[in-house]
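What follows is the residue order along each chain.
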Amino acid sequence: ASSSAPNYHIASIPGDGIGVDITQAAKTVLATLSSASQAFTLTYTDLDWSSFAYLKRGYYMPEDWATQLRKHDAIYFGAVGWPSVPDHISLWQMILPIRQQMNQYVNVRPTRILAGTKSPVAACQKDPKLLDWVIVRENSEGEYAGQGGTTHGHTKDAIATELAIFTYVGIERIMRFAFEVAKSRPRKKLTMVTKSNAQRHGMVLWDKVFYEVAEEYKGVVEFDKMLVDAMTVRMVEKPESMDTIVATNLHADILSDLAAALAGSIGIAPSSNLDPTRKNPSMFEPIHGSAPDIAGKGIANPVGAFWSAAEMVRWLGNGKLDEIAEGLMQAIANVTVAGVKTRDLSGEKSTTEVTEAVCQEIEKLF
Ligand code: ATP
Ligand code: MG
């Protein structure tokens, strides 16, 4: 790289299952992007924080994990979770504490149909442009606040509470972020998802703050409100009627799996866990999990990991590396349109073959 190219420090956490395969693939692609573009370089710290490590030594992350992560410009994450550890333990040992303590209160999940991939929705097969969304997920509170408790253990008298926490501050900042995303996109449209007919406290506050912030965007961003159940139907039947979507931690988690499936596969979808203040490192990861059923088989789709890597480059550049990130997206599209795809996209290529093909496209583009 040229001497003026910035170097970024990345904490790499492959985690479990296919997280390991796709993180390796993403690093290969990022190395090619770095050398071909000469626009940036990356230095990694490899962290073995995983379920495998937990089973061996009793913890996922060392005590000083937050200090370690804060020495980096970004975190690249694969996936966490393994059948021999209950999911609520692995999530609460690693991914949720990182999101919360690194102040990553926004999770951005773009979904669109990449060239050469096929949506299960008939209308989108004819016109793939109908589906082009950005889901903005509240990432710090709501249903995943971790509050609640159980009495009478797990006996037949058991009572468990699961408390969703919504704060004015938490709602307002996610609404502002979502309106800004909507404003930055050509269609300038925001759909807010709620369940305020049945959940009469937090969701009603969510609605109220939404309309308050919306006042400031009147005439600039078009906006509407949907109940989450009706939203699932609208995503399938009228994908073109939406652009940017803002929803709570739980709702957006579910809707983004649906969105990815409607776009062709859960294996292509990226996510950015952002601290918009940039005081802490943001974290980039595909939305899929560790997929134990295909782990180690060499067939995991690395596209979601590549797309997440593109978003990381965009974030690190803060406006200066947008073209480089776009180049990576173009390379991915050139590969999928040529039919170089894994099985989840009805192709027959391996993770490695897709990775090599994307690297070749990058070499051609830069
Ligand atoms: P999590 O709890 O972390 O969200 P999950 O249990 O919901 O994980 P995933 O691992 O996300 O499950 O994936 C569900 C299934 O989708 C997998 O078992 C696998 O068959 C398929 N899948 C997920 N990601 C990929 C991928 N990158 N390539 C191919 N198939 C995938
Ligand atoms: Mg899942």
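All figures in this text were calculated on a predicted structure; none of them were measured in a lab. (Residues numbered from 1 in each chain as written. Chains lettered and ligands numbered in written order. Predicted model: local features only at pLDDT ≥ 70, side-chain atom pairs only at ≥ 80, totals over all residues.)

## Regarding the overall build of the protein chain
- Looking only at helices and strands, the protein chain has 12 helices and 12 strands in total.
- Whereas a compact globule of 366 residues would reach a radius of gyration of roughly 21 Å, the protein chain reaches 20 Å, a difference of no more than 12%.
- Referenced to the eigenvectors of the C-alpha coordinate spread, the extents of the protein chain come out at roughly 55 × 55 × 40 Å.
- Put simply, the protein chain has 366 residues, and 47% of those count as buried.
- For the protein chain, long-range pairs separated by at least 24 residues make up 76% of all intrachain contacts whose partners lie at least 6 apart in sequence. (Helix = DSSP H or I, 4+ residues; strand = E, 2+ residues; numbered from the N terminus. Rg over C-alpha atoms; globule rule 2.2 N^0.38 Å. Buried ≥ 20, exposed ≤ 12 C-beta atoms within 10 Å, placed from the backbone. Contact = placed C-beta atoms within 7 Å.)

## Quick look at the sheet that holds strand 4 (residues 106-112)
- An order of 2-1-3-12-11-4-5-10-8-9 is seen for the 10 strands of this open sheet, with the pairing classed as mixed. Every other strand in the sheet has two partners, leaving strand 2 (41-46) and strand 9 (222-227) as the edge strands with one partner each. Averaged over neighbouring strand pairs, the angle between their axes works out to 25 degrees when direction is ignored.
- Where strand 11 (residues 270-274) lies against strand 12 (residues 282-286), 4 bridges are found, and the strand directions are antiparallel. Each bridged residue has a counterpart across the sheet, and for Pro270 the counterpart in strand 12 is Pro286. (Pairing = 2+ DSSP bridges. Axes fitted to C-alpha atoms, helices over the stretch in contact; angles between N-to-C directions.)

## A look at unusual backbone geometry
- The phi angle at His152 is positive, at roughly 60 degrees, despite the residue not being glycine.
- Positionally, His152 belongs in the loop between strand 6 (142-151) and strand 7 (159-165).
- At Ser346, a residue that is not glycine, the phi angle is positive and equals roughly 65 degrees.
- As for its placement among the helices and strands, Ser346 is situated in the loop between helix 11 (322-337) and helix 12 (351-365).

## Some thoughts on the pairing of strand 11
- Extensive coverage of strand 11 is indicated by the burial of 5 of its 5 residues.
- Across the two faces of strand 11 the burial is the same, with Pro270, Ser272 and Leu274 and Ser271 and Asn273 all buried.

## Comments concerning the UniProt feature "domain: Isopropylmalate dehydrogenase-like" (unreviewed entry) in the protein chain
- The sites that carry the UniProt feature "domain: Isopropylmalate dehydrogenase-like" (unreviewed entry) are, in the present numbering, residues 9-358.
- Secondary structure content for residues 9-358 is 42% helix and 22% strand, and the end C-alpha separation is 23 Å. (UniProt positions renumbered as here; feature names shortened; annotations may be inferred.)

## Structural notes on the site of ligand 1
- Gly267, His288, Gly289, Ala291 and Asn301 are the nearest of the 17 residues found near ligand 1.
- Residues that form the shell around ligand 1 fall into these classes: 6 nonpolar, 8 polar and 3 charged. (Near = placed C-beta within 6 Å. Nonpolar A, V, L, I, M, F, W, Y, C, P; charged D, E, K, R; others polar.)

## Focus: the packing of helix 1 (residues 18-37) against helix 12
- Packing of helix 1 against helix 12 brings their axes to within 9 Å, and their N-to-C directions diverge by 15 degrees. With respect to each other, helix 1 and helix 12 are oriented roughly parallel. Crossing angle aside, the handedness with which helix 1 passes helix 12 is right-handed. For the pair formed by helix 1 and helix 12, the contact residues are Asp21, Ala25, Thr28, Val29, Thr32, Leu33 and Ala36 on the first element and Thr351, Thr355, Val358, Cys359, Ile362 and Glu363 on the second.
- Its residues assigned to classes, the contact of helix 1 with helix 12 shows 7 nonpolar, 4 polar and 2 charged. (Parallel < 35°, antiparallel > 145°, perpendicular 65-115°, else oblique. Left-handed = near helix turned anticlockwise from the far one by under 90°.)

## A few points about the nonpolar core
- The biggest cluster of nonpolar side chains holds 101 residues, and the ones touching the most others in it are Val136, Val246, Phe306, Ala309 and Leu328.
- The element that contributes the greatest number of residues to this core is helix 10 (residues 303-317), accounting for 10 residues.
- Setting aside residues no more than four positions away along its own chain, Leu328 makes contact with Leu33, Phe306, Ala309, Ala310, Val313 and Ile362. (Core = buried A, V, L, I, M, F, W, Y, C linked by C-beta atoms within 7 Å.)

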